[in-house]
Amino acid sequence: MDGKNLLWLLLAVGALVVAVTLVIAVKLCVRLFRTKRLLTEAGVPVQGKVAFWAAVVYLISPVDLLPDPILIDDIGFLLLALRTLDKSAVRAGIDLATAPVRRRGRAAAPAAGPTAAPPK
């Protein structure tokens, strides 16, 4: 391999790593917001509010422990905040794996089965 091909290979691998970590960070951020909303709707006093907001601020902050293309530190903060919110849910007796998540602006789908009204 000559130097030009090696450079393109390294750039491609670097771009792939950045894309994968970005996808992971976005998925964790969505999960973090859903968990906080679920706990708030359930009436659980979220003691992890500080961890939640610290993770969100750190994610959008331009100051990082590692340079921005490397989102490992951001992912770590998101995981720490999720862990804190999960512990709040366990203390409140909520199983986040089976709890329904209500989506804003969408009506709940009608139940299928004998209780559902037949179509006209």
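One can find the structure itself at the top, above this paragraph.
Residues numbered from 1 in each chain as written. Predicted model: local features only at pLDDT ≥ 70, side-chain atom pairs only at ≥ 80, totals over all residues. Heavy atoms only, no water.

1. What about the pattern of salt bridges?
Then comes step 1: Following the criterion strictly, the structure yields one salt bridge and no others.
Then comes step 2: Of the charged contacts, one joins R31 and D86 as a salt bridge, the two residues approaching to 3.9 Å between their closest N and O atoms. A residue pair is termed long-range when its members are at least 10 positions apart, and R31 in helix 1 (residues 3–41) and D86 in helix 3 (residues 72–92) qualify at 55 residues.
Then comes step 3: Judged by its relative accessible area of 44%, R31 falls in the partly exposed class. (Salt bridge = Lys/Arg side-chain N within 4 Å of Asp/Glu carboxyl O. Helix = DSSP H or I, 4+ residues; strand = E, 2+ residues; numbered from the N terminus. Buried < 20%, exposed > 50% of the residue type's maximum accessible area, 1.4 Å probe, protein only.)

2. Examining helix 3
Then comes step 1: The end-to-end C-alpha distance of helix 3, which contains 21 residues, comes to 30 Å, matching closely the 30 Å that a straight helix rising 1.5 Å per residue would cover.
Then comes step 2: Those residues of helix 3 that fall on the buried side of the exposure criterion are D73, D74, I75, L78, A81, L82, L85, S88 and A89.
Then comes step 3: Looking at the buried side of helix 3, the elements it contacts are helix 1 and helix 2 (49–60).
Then comes step 4: Two residues or fewer past helix 3, G93 is found with a positive phi of approximately 80°. (Expected span 1.5 Å × (residues − 1). Contact = heavy atoms within 4.5 Å.)

3. Brief notes about the packing of aromatic side chains
Then comes step 1: In total, this model carries three aromatic pairs according to the counting rule given.
Then comes step 2: With centroids separated by 5.0 Å and ring planes inclined at 80°, the aromatic side chains of F33 and F52 adopt a geometry described as edge-to-face. Separated by 19 residues along the polypeptide, F33 in helix 1 and F52 in helix 2 bring together distant segments of the chain.
Then comes step 3: Judged by centre distance (4.8 Å) and plane angle (80°), the ring pair of F52 and W53 falls under edge-to-face.
Then comes step 4: Here the aromatic cluster, defined as three or more aromatic residues joined through ring pairs, consists of F33, F52 and W53.
Then comes step 5: Over the ring of F52 we find K36; its NZ or CZ atom is 5.3 Å from the centre of that ring. (Phe/Tyr/Trp six-rings, centres within 6.5 Å; stacked < 30°, edge-to-face > 60°. Lys NZ or Arg CZ within 6 Å of the ring centre and 35° of its normal.)

4. With respect to the side chain of T21
Then comes step 1: Position of T21 among the secondary structure elements: in helix 1.
Then comes step 2: T21 sits in the buried class, given a relative accessible area of 10%.
Then comes step 3: Here the side chain of T21 touches V18 through a polar contact of 3.0 Å, landing on its backbone oxygen. (Polar contact = N/O pair within 3.5 Å; in protein donor to acceptor, adjacent residues only side chain to side chain.)

5. Thoughts on the nonpolar core
Then comes step 1: Counting residues in hydrophobic clusters, the biggest one holds 16 residues, and the most contacted among them are L32 and L78.
Then comes step 2: Looking at this core, the element that brings in the most residues is helix 3, giving six residues.
Then comes step 3: Once residues lying within four places of it in the same chain are set aside, the contact partners of L78 are A25, L28, C29, L32, A55 and L59. (Core = buried A, V, L, I, M, F, W, Y, C linked by side-chain atoms within 4.5 Å.)

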